[in-house]
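# Residue-level structure breakdown
Single-letter residue listing:
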Amino acid sequence: ATPTSIMVGTGKGAESGILIKGAEHLEHAHKLTTIVLDKTGTITKGQPEVTDIVTLAGMAEAELVRLAISAEKNSEHPLAQAIVAHGQQQGIALSEPESFTAIPGHGIEVAIEGKRILVGTRKLMKENNIEYETAVATIEQLELQGKTVMLLAVDNQLSGLLAVADTVKESSAQAVAELQKMGIEVWMMTGDNTRTAQAIAQAVGITNVMAEVLPEHKAAKVEALKQEGKIVGMVGDGINDAPALAIADVGFAIGTGTDVAIEAADITLIRGELTGLVAAIRLSKATMRNIK
Ligand code: ADP
Ligand code: MG
């Protein structure tokens, strides 16, 4: 390989917002057969907004929101930020929690005014023996609209649902179509539930979906695809994507994402759009053509 064409390629990349950490990544990107895309913050904008609030067990809406924002104020999760922002818009005052525990991929457990509050997935409720069967139809209906539904329990009683929706980035569908046209197999991987994941995947033209993947299992999923003989590129923005970015043949970080993801990745897409991924692969192809 000629170092000159690699240098030219790296320079061209930088001009178009593609930061390549080493020559070998530019040499590998054109070989990718499979791309795995994280959902939140990668395909979507990662700025979810509260769309629906369902009160249960006689709880008033303002009280439900007050408990939810007080519980979520210490969480880094984008879903938590959506809930807190909603409470601020409504001018609802929050309480200071006495304790806070994050349960990655599931939700949070918080003590507020002596009450035990759980916010998170159905699995979190199930693991705590909290009954939610009566709410399943409502939850599924919201999920079919691509919304993420969080369940809130107070002292082991399901007391409400909070649904949030995240907007798909304008260029995501086009980028997916272009990757597929290049013969690349595209996957979505997310910790979110299957129904929500499928709805978002469908909106951008993805049929291969891995949902309900716990943060600690994302890297193993990428490794499994590699074991099948695929050459895998992973694209993500979050702390929970970092191990998967590191293990992929080429890891791409969304430039607007977390520093941890950027550090773990080989290539950073500064503009935060998946069209940058398409451009990076095209650049790799063009560079390798010049070398041969
Ligand atoms: P993603 O891969 O979409 O970033 P995560 O693995 O971080 O998802 O989380 C998976 C699911 O766990 C979320 O969709 C949500 O239902 C639940 N969850 C995670 N963190 C929180 C939180 N702070 N509050 C409520 N629910 C949460
Ligand atoms: Mg993400």
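Quantities reported herein were computed from a predicted structural model and do not represent experimental measurements.

## Observations concerning the coordination of the magnesium ion (ligand 2)
Surrounding the magnesium ion (ligand 2) are the protein donor atoms Asp38 (OD), Thr40 (O) and Asp237 (OD), at 2.0 to 2.2 Å. One chain supplies every donor for the magnesium ion (ligand 2), spaced along it as D-x1-T-x196-D. Relative accessible area serves as the criterion here: at 27%, Thr40 is assigned to the partly exposed category.

## A word on the site of ligand 1
With respect to spatial proximity, 20 residues lie near ligand 1, and among them Thr40, Glu72, Ser75, His77 and Gly191 are the closest. Contacts to ligand 1 include Ser75, whose side-chain N or O atom sits 3.1 Å from a nitrogen atom. Protein chains shield 93% of the accessible area of ligand 1, which is 550 Å² for the free molecule. Those elements giving two or more residues to the shell around ligand 1 turn out to be strand 5 (107-112), strand 6 (115-120) and strand 7 (148-154). Residues of the shell around ligand 1, tallied by class, amount to five nonpolar, twelve polar and three charged.

## Concerning the nonpolar core
Counting 31 residues, the largest nonpolar core has Ile35, Leu37, Ile206, Val235, Phe252 and Leu277 as the members making the most contacts within it. For this core, the elements supplying multiple residues, two or more each, are strand 1 (18-20), strand 2 (34-38), helix 8 (172-181), strand 9 (185-189), helix 9 (194-204), strand 12 (250-254), strand 13 (267-269) and helix 13 (275-291). Counting residues per element, this core draws most heavily on helix 13, at five residues. Formed by 23 residues, the second largest nonpolar core is a distinct cluster that contains Val50, Met59, Val154 and Leu162.

## Examining the sheet that holds strand 3 (residues 49-55)
Here we have six strands laid out as an open sheet, ordered 3-8-7-6-5-4, and antiparallel in their pairing. Strands with a single pairing partner mark the edges of an open sheet, and in this sheet they are strand 3 and strand 4 (99-103). Strand-to-strand twist across the sheet, computed as the mean angle between neighbouring axes with direction ignored, equals 20 degrees. Relative to strand 5, strand 4 runs antiparallel, the two being bridged by five bridges. Looking across to strand 5, one finds that Thr101 is bridged to Glu109.

## Comments concerning the pattern of salt bridges
Once their charged atoms are close, side chains differing in charge can pair, the charge on each being opposite to the other. Under the definition given, this model contains 17 salt bridges. One salt bridge in this structure joins Glu113 and Arg66, with 3.0 Å as the shortest N-O distance. Here Glu113, found in the loop between strand 5 and strand 6, pairs with Arg66, found in helix 4 (residues 61-72); they are 47 residues apart in sequence, far enough to count as distant. Overall, the relative accessible area of 17% leaves Arg66 in the buried class.

## Quick notes on the packing of helix 4 against helix 5 (residues 78-89)
Between helix 4 and helix 5, the least distance of the axes is 9 Å, while the angle of their chain directions is 130 degrees. Taken as axis vectors, helix 4 and helix 5 run oblique relative to one another. Every pair of crossing elements has a handedness; the one defined by helix 4 and helix 5 is left-handed. Where helix 4 abuts helix 5, its residues Val65, Ala68, Ile69 and Glu72 lie against Ala80, Ile83, Val84, His86 and Gly87.

## Details of the side chain of Lys169
Structurally, Lys169 can be placed in the loop between strand 8 (157-165) and helix 8. The buried charged residue Lys169 lacks any salt bridge, with Glu273 as its nearest oppositely charged partner at 5.8 Å. Separated by 3.1 Å, the side chain of Lys169 and the backbone oxygen of Gly41 make a polar contact.

## As for helix 1 (residues 3-15)
Across its 13 residues, helix 1 extends 18 Å between first and last C-alpha, which sits within 8% of the 18 Å expected from 1.5 Å per residue. For helix 1, the set of buried residues is Ser5, Ile6, Gly9 and Gly13. The buried residues of helix 1 all sit within an arc of 100 degrees when viewed along its axis, so they share a single face. Along helix 1, the residues that are exposed and aim more than 90 degrees away from the buried face are Pro3, Thr4, Met7 and Glu15. Downstream of helix 1 by one or two residues, Gly17 has phi in the positive range, about 80 degrees.

The rules behind each value
- Residues numbered from 1 in each chain as written.
- Chains lettered and ligands numbered in written order.
- Predicted model: local features only at pLDDT ≥ 70, side-chain atom pairs only at ≥ 80, totals over all residues.
- Heavy atoms only, no water.
- Donors = N, O, S within 2.8 Å, 3.2 Å for Na, K, Ca; no water.
- Buried < 20%, exposed > 50% of the residue type's maximum accessible area, 1.4 Å probe, protein only.
- Near = heavy atom within 4 Å.
- Polar contact = N/O pair within 3.5 Å; in protein donor to acceptor, adjacent residues only side chain to side chain.
- Areas by Shrake-Rupley, 256 points an atom, 1.4 Å probe, with all protein chains shown as cover.
- Helix = DSSP H or I, 4+ residues; strand = E, 2+ residues; numbered from the N terminus.
- Nonpolar A, V, L, I, M, F, W, Y, C, P; charged D, E, K, R; others polar.
- Core = buried A, V, L, I, M, F, W, Y, C linked by side-chain atoms within 4.5 Å.
- Pairing = 2+ DSSP bridges.
- Axes fitted to C-alpha atoms, helices over the stretch in contact; angles between N-to-C directions.
- Salt bridge = Lys/Arg side-chain N within 4 Å of Asp/Glu carboxyl O.
- Parallel < 35°, antiparallel > 145°, perpendicular 65-115°, else oblique.
- Left-handed = near helix turned anticlockwise from the far one by under 90°.
- Contact = heavy atoms within 4.5 Å.
- Lys, Arg positive; Asp, Glu negative; His and termini not counted.
- Expected span 1.5 Å × (residues − 1).
- Arc of directions from axis to C-beta.

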